[in-house]
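Descriptive structure summary
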Amino acid sequence: MLINRSDTKMIDFDDFSNNSFHVVTELTCGNKDEDNFRPDITLLINGLPLVFIEVKKPNNHSGLQAEHKRMSERFRNKKFRKYFNITQLMIFSNNMPYDEEGIIPLQGAFYATTARSETIFNFFREEDTTDQEKFLQPLDGSVEDFVLKDNNLVAIKNQPEFSTNKSPEKATNKIATSLLRKERLAFLLQYAFAYVKSQDGYEKHIMRYPQIFATKAIASKLDEGIKKGIIWHTQGSGKTALAFYNVKYLTNYFRERSVVPKFYFIVDRLDLLKQASKEFDARGLKVHHINSREEFAKDIKSNSAIHNDDGKAEITVVNIQKFENNPYVTRNTDYNINVQRIYFLDEVHRSYNPNGSFLANLNESDEHAIKIGLTGTPLLGSDFNSKKLFGGYIHKYYYNSSIADGYTLRLIREEIETTYQLSLKKILDELTILKGSGNKKQIYAHRKFVEPMLSYIVEDFENARIQHADTSIGGMVVCDSSDQAKMMYEIFQQNYAVAEGEQEYSIAADSQESYGKIKSHDVKAKKAALILHDVGTKSDRNDWVEDFKTGKYDLLFVYNMLLTGFDAPRLKKLYLGRIIKAHNLLQTLTRVNRTYRDFKYGRVVDFAGIEEQFRKTSQDYFNELQNELGDELESYSDLFLTEEQISEKIDQIKERLLYYDLTDKEVFDEQISEITDKDTMREISRALNEARSLFNQIRLSGKYDMLAKLDFRQLAVLATAANSRLASINHREVLEQGSEAANILNLALEEIVFEFTKVKEEEMILADKYRESLKRTREMLQGNFDQQDPEFISLKEELERLFKKKNLADVTAGDMKEHIGILDGIYDKAKEMERLNQLLMRQYANDPKYARIHKRLTEKDPLTEKESKLLAALQSMKSAIDSHVLQNSHMMNNESYVEKMMMKLVVEVMHKNHQLNLSPDSIRRVNHLLVQEYMNEYYNRAS
């Protein structure tokens, strides 16, 4: 409905300026009940709240994860559903630069679209910097004054922090200007959203920023008359989705030129054809299939753009074999200038031999067609160079960017243990003697070779599940040959496969202490599938692959299949049993680079010794990157967390802990107990926590000699002590700063969540209710703008008494029931106080400064018996003072001048004009409150 161009139009996209644009702060969204929320900033087009922005202070508690959790809760609230159905774009920022690690978005500026449950926070990095500068010019002074006055923030106009935050380099300003300038917003609203049908219903997706700029780059090339080129986007970056978005965008692009486009998506394997068709269909795009070469020849000669009767957008998905050795496909002499064919060629790093018939037939089918190649690993050789075949790069998005943006994971290569390598060598020597110079593939497929190899794989895989406390991850074994794969599967079925319903039993006690109560039956590799071209039917193999994706299989044994184009996020362990070369190696490795839960790395266990081949492939790609971008990018070897990088981290940890006794915990406790500086303690704690993380990484990699560099087990003990000291410093700081209600509540909430994770099932409901009661009470108190109100202080003290009453670890079910009653009472009082606060603040144009002043002047020794008289006088004072500050905002730098100016206005406006008969002490009292509020606003101090 929003992008409809016929009948009733909600938005004029033909002339986007011919719409009504408004920006509102704290627009309430919700219903007549208590369920509502107020986004910080809402953008409305023709009255529709299509965009909102939530802004947080830098270094806010829990970063943007707190906002992520809050939004997920709101999405699940059905009372907000109508509002979120209208909302298209959301921006979240705490005005900080992005973290180096992009797995968990804690700081920065992110964009998203709405969801039914949990949304995805997307990074945004502006690529069109020249265009950006044009839109980051300073605001007209009168516009800025209007905005400041309308938001009751006139005092900050010349504040240094305000000027700083208007800088084009500040995160919030940067993303808002990039996404919300009218031209860009019009693009997003029309083309950047997709409703994707999944097993759980529909998901709403938004273009990732590389897809946005790739789409823009395609249009720019077309404007230049260039009709072919390559999109080089790393695996996992959404190339099929990019094709979908471009069907929408290019349809309109050519519509404006009175040309009808016809879209093709060309693949080189049947499984990829099915996968692409499924993805397009899930996004609502009609998929047309061609089942024979004759059908394809007929399709090429047809000038019809679509084949469905509904007139919906369509794409034809076709296997390249339909182009090969096809006498029916000849040069199309009936070319219609009003029909433009657009070929998206998937994975142009393979199967496109220029000496074969495919490319020739493809070109002859329509010499005017647009050809857009898609790849994550272009061919770089002299004979089959992708650029030579398909033109230059239209747009590029590499691994380092994808990793930084949290779309893909880095990889850790693990070598098998030295003792195991020796064992394999001995077996290999024995078999070689027995078979002479026989075929090595037969040797590697022999039971005596395969059995110990599989034993290592199964043990390593099960340990990985324990280490990560996640039994959902899967593994894939890339075998040396199909015979080896079959032997692997046979031995697995004999020695490891577990029948359904077999009795469960618990893992060893020491493992339970380290990793929690994970049942051995869940950890064990119980079920595997063999995926070979000559095993089972196509339908069988498709079912097995889908079952692996959904977690029904633990391991896959493969040879050549599934090494490219296979996307299963739960696949986190890849076991390489053979050398894979060039671009195929990167394709294979990146099967485990998809993001999944909280995993930071994908892991590759190397039996074959791929290091040399990987180094060669990496160098080829590095040279290509250097040719394209000079010295901007690091080598592709950054795809891995290497042993050298781990060693470097160990050295850094040693340097940071140089002056501390790491051998005696008692001495260490004494040393850190003398530290009172939070930043110093945080550095020590961070170093020890990194050591604890490295310990697990080294164990998983099998490089046990590296463990001798540090006493990792002792450092884990010291890390706990350091974390406790840091928490103590934080808590002391909270107490010394007055124990704000929000801080007390946050500390209490964290403890409660920690303590009740293991309650019985019947108590879980109660514990959840306890947490929810505490949460809503905390949020109600946190939202109070007048924390000097005696009633607020009384409620805060009541809450403090509740949690100081006894140790939270000792809270019983009975205590919880009692506490819930108290919390609900505090909540009801706080809610009523907030209601009255909001009513009063509305009388002062939603300015909390004057609402606070009004309350202070009525709480003790009121200035007048009639509160309405005080209200009228303060309203006049607000108008007079705001006008003075706006006319001469530099006065805020001189507090004594502000005090004299306001004193004069108090006497003139309140004493004389409103006849309040103020005594000298009362005048000073009023003036003190006014000066304090305005100076607090100017310096951004808590009131």
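Placed above this text is the structure.
Presented here is a report on the structure given in the accompanying data block. (Residues numbered from 1 in each chain as written. Predicted model: local features only at pLDDT ≥ 70, side-chain atom pairs only at ≥ 80, totals over all residues. Heavy atoms only, no water.)

1. What to know about the pairing of strand 17 (residues 393-397)
Counting buried positions along strand 17 yields four of five residues, so the element is predominantly enclosed. Sheet topology places strand 11 (residues 228-233) next to strand 17; four bridges connect them, and they run parallel. For H233, the partnering residue across the bridge sits in strand 17 and is Y397. (Buried < 20%, exposed > 50% of the residue type's maximum accessible area, 1.4 Å probe, protein only. Helix = DSSP H or I, 4+ residues; strand = E, 2+ residues; numbered from the N terminus. Pairing = 2+ DSSP bridges.)

2. A closer look at the side chain of T234
Residue placement: T234 occurs in the loop between strand 11 and helix 9 (239-255). Judged by relative accessible area, which is 1%, T234 ranks as buried.

3. Brief notes about the sheet that holds strand 15 (residues 339-346)
Strand order across the open sheet formed by seven strands is 13-14-12-15-16-11-17, with parallel pairing between neighbours. Each edge of the open sheet carries a strand with a single partner, namely strand 13 (286-289) and strand 17. Ignoring strand direction, the axes of neighbouring strands in this sheet form an average angle of 20 degrees. Sheet analysis places strand 15 next to strand 16 (residues 370-375), joined by five bridges and oriented parallel. Residue I342 lies in a different strand from strand 16, and its bridge partner there is I370. Those strands touched by helix 9 are strand 11, strand 12 (260-267), strand 14 (314-319), strand 15 and strand 16, and its axis lies near 165 degrees from that of strand 12. (Axes fitted to C-alpha atoms, helices over the stretch in contact; angles between N-to-C directions. Contact = heavy atoms within 4.5 Å.)

4. Brief notes about the sheet that holds strand 18 (residues 410-415)
Reading across the sheet, the six strands line up as 18-23-22-19-21-20 and stay open at both edges, with parallel pairing between neighbours. The outermost strands of the open sheet, each flanked by one partner alone, are strand 18 and strand 20 (528-531). The mean angle between the axes of side-by-side strands here comes to 20 degrees, regardless of whether they run parallel or antiparallel. Note: strand 19 (residues 474-478) against strand 21 (residues 555-558), four bridges, orientation parallel. Counted as the bridge partner of V478 is V558 from strand 21. In the packing of helix 17 (residues 447-467) onto the sheet, contacts are made with strand 18, strand 19, strand 21, strand 22 (571-576) and strand 23 (601-606), and the angle to strand 22 comes to roughly 160 degrees. Helix 18 (residues 482-495) rests against strand 19, strand 20 and strand 21 of the sheet, and its axis sits at about 160 degrees to strand 20.

5. Quick notes on the packing of helix 17 against helix 18
Where helix 17 contacts helix 18, the two axes come as close as 10 Å, and the packing angle between them is 65 degrees. With respect to the hand of their crossing, helix 17 and helix 18 are arranged in right-handed fashion. Of the residues in helix 18, those touching helix 17 at R447, F449, V450, E451, M453, L454, I457 and V458 are Q484, M487, M488, E490, I491, F492, Q494 and N495. Here the residues of the contact of helix 17 with helix 18 sort into 10 nonpolar, three polar and three charged. (Left-handed = near helix turned anticlockwise from the far one by under 90°. Nonpolar A, V, L, I, M, F, W, Y, C, P; charged D, E, K, R; others polar.)

6. Brief notes about the pattern of salt bridges
Scanning the model with the defined rule gives 42 salt bridges in all. The shortest N-O distance in the salt bridge between R656 and E683 comes to 3.8 Å. Of this pair, R656 sits in helix 24 (residues 643-656) while E683 sits in helix 26 (residues 678-701), and the two are 27 residues apart along the sequence. Classification of R656 as partly exposed rests on a relative accessible area of 29%. (Salt bridge = Lys/Arg side-chain N within 4 Å of Asp/Glu carboxyl O.)

7. Things to note about a negative patch on the surface
A cluster of like negative charges, contributed by D664, E666, E670 and E674, occupies part of the molecular surface. Classification of D664 as partly exposed rests on a relative accessible area of 33%. (Patch = residues over 30% accessible without salt bridge, like charges linked within 9 Å, V, L, I, M, F, W, Y side chains within 5 Å. Areas by Shrake-Rupley, 256 points an atom, 1.4 Å probe, with all protein chains shown as cover. Lys, Arg positive; Asp, Glu negative; His and termini not counted. Charge placed at Lys NZ, Arg CZ, Asp CG, Glu CD.)

8. Some thoughts on the nonpolar core
Within the largest apolar cluster, 69 residues are counted, with the highest numbers of intra-cluster contacts made by Y111, L189, L250 and F265. Sorting elements by how many residues they give to this core places helix 9 first, with 10 residues. In terms of nonpolar packing, the next biggest core, distinct from the first, is built from 39 residues, I853, M877, V885 and M910 among them. (Core = buried A, V, L, I, M, F, W, Y, C linked by side-chain atoms within 4.5 Å.)

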